[in-house]
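A structural walkthrough
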Amino acid sequence: MRSLLEMAVNNCFPLQIVCVGIKENKYVMVDSLLKKFLSFTNNEIPIIDKVKGEIFFEELSKEKQNSILETKINSVWIKLQ
């Protein structure tokens with residue numbers, strides 16, 4: 001998880017999301033790792049650092065928070081009838 005955050009800070013995020021549209025409804029499908037990442041950015045769970053212990057998103061510097069929130073995530077859009 002820690003290396004995933006560093007990738008997000010450097011805007012080289014390796015994961016993608018799948019978005020599905022069925023009529024007026026829209027769904028976002030993510031894997032378990034991306035779900036953990038999103039939970040971290042929502043400040044719901046911490047990451048564990050070997051030196052610092054638990055770190056929550058809100059404890060990161062504003063610069064790191066902004067870099068993570070502005071990282072580009074690949075998405076695939078599927079429209080079903």
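Here the structure is shown first, and the text comes after it.
Anyway, here's the lowdown on the structure attached to this text. (Residues numbered from 1 in each chain as written. Predicted model: local features only at pLDDT ≥ 70, side-chain atom pairs only at ≥ 80, totals over all residues. Heavy atoms only, no water.)

**Some details on empty space enclosed by the protein**
Just so we agree on the cut-off: Using a 1 Å grid laid over the protein atoms alone, points where a 1.4 Å probe fits but cannot get out form a cavity; open sets with protein on both sides within 12 Å along at least 5 of 7 lines form a pocket; any residue with an atom within 4 Å of a point counts as lining. Grid points are joined across faces, edges and corners, and a volume is the space filled by probe spheres set on the points. To qualify as a helix, a DSSP run of H or I must reach at least 4 residues; to qualify as a strand, a run of E must reach at least 2; elements of each kind are numbered from the N terminus. Nonpolar residues are Ala, Val, Leu, Ile, Met, Phe, Trp, Tyr, Cys and Pro. Charged residues are Asp, Glu, Lys and Arg, and all others, Gly as well, are polar.
Following the criterion strictly, the structure yields one cavity of 30 Å³ or more and no others. The volume enclosed by the largest cavity comes to roughly 60 Å³. Taken together, R2, L5, E6, V9, F40, I47, L60, K64 and I68 make up the full set of residues lining the largest cavity. Of all the secondary structure elements, the ones that give two or more residues to the lining of the largest cavity are α1 (2–9) and α3 (62–69). Among the elements that make up the lining of the largest cavity, the one with the highest residue count is α1 (four residues). For the lining of the largest cavity, the class distribution of residues is six nonpolar, no polar and three charged.

**Some thoughts on the pairing of strand β1 (residues 16–22)**
To keep things clear, this is the line we draw: DSSP calls a pair of strands paired once it identifies at least 2 bridges connecting them.
Pairing geometry for β1 and strand β5 (residues 74–80), over seven bridges, is parallel. Bridge pairing links V20 to I78 in β5. Relative to strand β2 (residues 25–29), β1 runs antiparallel, the two sharing five bridges. The partner of V18 across the bridge, within β2, is M29. The turn joining β1 and β2, which pair antiparallel and follow one another in sequence, is formed by two residues; a positive phi near 55° is taken by K23.

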